[in-house]
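Examining the three-dimensional arrangement
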Amino acid sequence: MIKKIIIVLLLSVPALGLAAGNNLKLDSVDIDLSDKASLQRGARTFINYCLSCHSAGYMRYNRMGKDLGISDELVSGNLLFAADKIGDLMKAVMPAEDAKKAFGTVPPDLTLVTRSRGPEWFYTYMRSFYRDESSASGWNNVVFPDVAMPHVLYSWQGEQRAIFKEHEGRRVFDRFEVGSSGSMSEEVYTDTMRDLTNFMVYLGEPAKLVRYRIGTYVIIFLLIFLFVAYLLKKEFWKDVH
Amino acid sequence: MQKLLEQSLDWVDARYPVKKVWDEHLAKYYAPKNFNFLYYFGSLALVILVIQIVSGIFLTMHYKPDANMAFASVEYIMRDVEWGWLIRYMHSTGASFFFIVVYMHMYRGLIYGSYRGPRELLWIVGMVIFVTLMAEAFMGYLLPWGNMSYWGAQVIISLFGAIPFIGDWLAEFIRGDFVIADATLNRFFALHVAALPLVLVGLVFAHLVALHKVGSNNPDGIEIKQNKGPDGIPVDGIPFHPYYTVKDIMATVFFLILFAAVMFFVPELGGWFLEHDNFMPANVLQTPPEIVPLWYFTPYYSILRATTTDMIYVLYGVTVAMAILTVISVKDIRAKGATVVVAAVVLVALNILQPKLWGVILMGSSLMVFFGLPWLDRSPVKSIRYRGWMFKTALTIFIVSFFVLGFLGTQPATGLNTRIAMVGTVLYFLFFLLMPWYTTFDKTKPLPERVTE
């Protein structure tokens, strides 16, 4: 019996850890893939900052340029830091071994992050870094506790501190307190992260730009077909009693 | 032109029975005229089979069955292959729709007694198709090489390890390695794209041959062949072509609208058709927080997980109760003896074999019991329309249990969830085990002479 209880307790430890992470309310984010300007701003942030360490290794530069209305010349001239050819996949600037030495882990590929974790997760994560002297990087994140990644964009957002409170014997996140302000106001930083999240949703599934429109045409065609098929059926079935 | 066509047809017909096949299976195949919407799902299953084969062929042109390349090749299809995203979503949406359609098809058979004589073989072939389809879906799910693909396969194949003596060897034999690895991916690919589709197509052919031999059942569960006109044609029958061909075309278009709505607008269906964790590549070191199969496997997965040590005690009870009931009910002394022996063997086995193995046995049995339906059902009528309250109640409990088990299969197996799953499992099996009794005692309504509207 005691053995059983211990097993149950041991098994529930990771579940509790997850629960602590999952109980955090994720902020909803307004995704609008028809907003080309927003996608372009997001792409700029992603390529200038994220792509230094993270890859988007399933995506090609020229495909992104084509979808986002950025000419090949502009992509080559301004965004092609880590690759030689416009048709290359978007690989991280930093080699994986160097990243492993610096952070203790290889930064994950981000192509599909909004499909696996959701846009809300990504949007909240990017705004939830806080100062934590006890961690190796000096940063921590309430959405992803003890994450190896430092707050890369802290010069934009500034520093914030996380205030925790006791709740049913556990330490839970309460709110952020502003430490020092960055080069962006809170509003501008939030908008920038919204653009970045918007871009990440596009990056996760470029087909999203077209599939709603095509789907609408297909369904309209099928509805007309259904009407004709119904008339055909009605005509034949007139003589069945 | 007309003449040339006729001559060509005659030429072929002299060498191949075109007209005979056309007549026997379409133009002079007489189907009951009172089919309702549940009778569309047979044709729809055929439509989906074609969709899956065609979309699958195009996926195979671009997919790489290699542990280092598989995940990236799926993303390559999603991005760089012309219309690749559409082909991929067609196949992934098709998988879930295949099961929706087949479950509806089976439900139709269940409520109208389509498994009853003379359609026992038709039902059995159908059940073999269903089991093959499950294997096909399971193997296909490994191919994208996402993290859920990987861990799902790991969990299910490790179940074979629960079989005494040969278990570990068998699991290793299936995987081709000590863990799910490149060898597993390669053989699953071969089975998924070549072996099982061939088996499926062959079985579907056999299913249709069996159907056209005995003729279709109908919502009234009476045989239209017993009431023939002077011309030898069933008075309640109408030729499949053109009546049901035009009706099925209408249903197919309607079905395609629903299909397109999911495929174009919500291909993930909130994680029900494409799981979020499967957008991360397979990672040997990182188990997903919850290993959950896709929705169509969850009822059986629930039964597997509900079989804990506590469940063994429940199984003792069920075995003893069923044995007593059987001994009281059968007249033949040898049958009484056989029952006692079987029950004793089961009780001993319950003591010896580990609960994990019983989970596997119950999961397997939850499919196998369907094969027994034609002989478990003792009612004088086939259709639910003429059955009494007992069958209707039993069926309702069964359907509810099936959905509850299905839902629990997607949830963490915590204390209360496991308890409910145990109850659901017992009710699921009692629907079959008690069927000889409640169908015997159930009051039935008189059957009509002719099919009703």
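Residues numbered from 1 in each chain as written. Chains lettered and ligands numbered in written order. Predicted model: local features only at pLDDT ≥ 70, side-chain atom pairs only at ≥ 80, totals over all residues. Heavy atoms only, no water.

**A closer look at the confidence of the model for chain B**
Considering every residue of chain B, the mean pLDDT works out to 96; 100% of them sit at 70 or more. As a predicted assembly, this complex carries a pTM of 0.93 together with an ipTM value of 0.92. (pLDDT = per-residue confidence, 0-100.)

**As for the side chain of Asp 248 of chain B**
Residues and elements named next belong to chain B. Counting through the fold element by element, Asp 248 comes out in helix α10 (residues 240-265). Of the buried charged residues, Asp 248 lacks a salt bridge, with Lys 247 as the closest side chain of opposite charge at 7.0 Å. Setting aside chain neighbours within four positions, we find Asp 248 in contact with Tyr 40, Ser 43 and Phe 240. (Helix = DSSP H or I, 4+ residues; strand = E, 2+ residues; numbered from the N terminus. Buried < 20%, exposed > 50% of the residue type's maximum accessible area, 1.4 Å probe, protein only. Lys, Arg positive; Asp, Glu negative; His and termini not counted. Salt bridge = Lys/Arg side-chain N within 4 Å of Asp/Glu carboxyl O. Contact = heavy atoms within 4.5 Å.)

**Describing the interface of chain B and chain A**
By a widely used convention, the size of an interface equals the accessible area lost when the partners come together. Listed per partner, the contact involves 38 residues of chain B and 37 residues of chain A. Taken together, the two surfaces of chain B and chain A that pack against each other cover about 3,300 Å², and 70% of this comes from carbon and sulfur. Considering only the side of chain B, the residues that lose the most area to chain A are Arg 79, Phe 264 and Phe 265 of chain B, jointly responsible for 22% of the buried surface there. Connecting chain B to chain A are two salt bridges. Ionic pairing is found between Asp 80 of chain B and Arg 60 of chain A, a salt bridge with its closest N-O pair at 2.7 Å. Connecting chain B to chain A are 12 residue pairs in polar contact (both at pLDDT 80 or more). (Buried area = accessible area lost by both parts, 1.4 Å probe. Polar contact = N/O pair within 3.5 Å; in protein donor to acceptor, adjacent residues only side chain to side chain.)

**Some remarks on the domain arrangement of chain A**
Residues and elements named next belong to chain A. For chain A, the assigned domains read domain 1 (2-205) and domain 2 (207-241). Across the boundary between the two partners, domain 1 contributes seven residues, which contact four residues of domain 2. Taken over both partners, the interface formed by domain 1 and domain 2 buries close to 500 Å², and the fraction arising from carbon and sulfur atoms is 59%. Between Glu 205 and Arg 211 there is a salt bridge; the shortest N-O distance is 2.8 Å. Listed by contribution, the elements that provide at least two residues to the side of domain 1 that touches domain 2 are α3 (61-68) and α9 (186-204). (Domains from an automatic or database assignment.)

**Thoughts on the nonpolar core**
Ranked by internal contacts, the top residues of the largest apolar core, which has 135 residues, are Phe 99, Tyr 103, Phe 130, Tyr 300, Phe 370, Tyr 428 and Phe 431 of chain B. Setting aside its immediate chain neighbours within four residues, Phe 370 of chain B contacts Met 106, Trp 123, Met 127, Phe 398, Tyr 428 and Phe 432 of chain B. Within the second largest apolar cluster, 46 residues are counted, among which are Val 113, Tyr 123, Met 149 and Leu 196 of chain A. (Core = buried A, V, L, I, M, F, W, Y, C linked by side-chain atoms within 4.5 Å.)

**With respect to the domain arrangement of chain B**
Residues and elements named next belong to chain B. The assigned domain composition of chain B is domain 1 (23-279) and domain 2 (295-441). Each of domain 1 and domain 2 was reduced to a C-alpha centroid, and the two centroids are 26 Å apart. At the interface, 40 residues of domain 1 touch 36 residues of domain 2. Taking both partners together, domain 1 and domain 2 bury about 3,200 Å²; carbon and sulfur atoms supply 71% of that area. Summed over the shared surface of domain 1 and domain 2, the number is three salt bridges. With a closest N to O distance of 3.2 Å, Arg 385 and Asp 220 form a salt bridge. In this structure, the connection of domain 1 to domain 2 is made through 15 residue pairs in polar contact (both at pLDDT 80 or more). Mapped by element, the contributors of at least two residues to the side of domain 1 that touches domain 2 are α5 (84-112), α6 (120-142) and α7 (147-158). Broken down by class, the residue content of the side of domain 1 that touches domain 2 amounts to 28 nonpolar, seven polar and five charged. (Nonpolar A, V, L, I, M, F, W, Y, C, P; charged D, E, K, R; others polar.)

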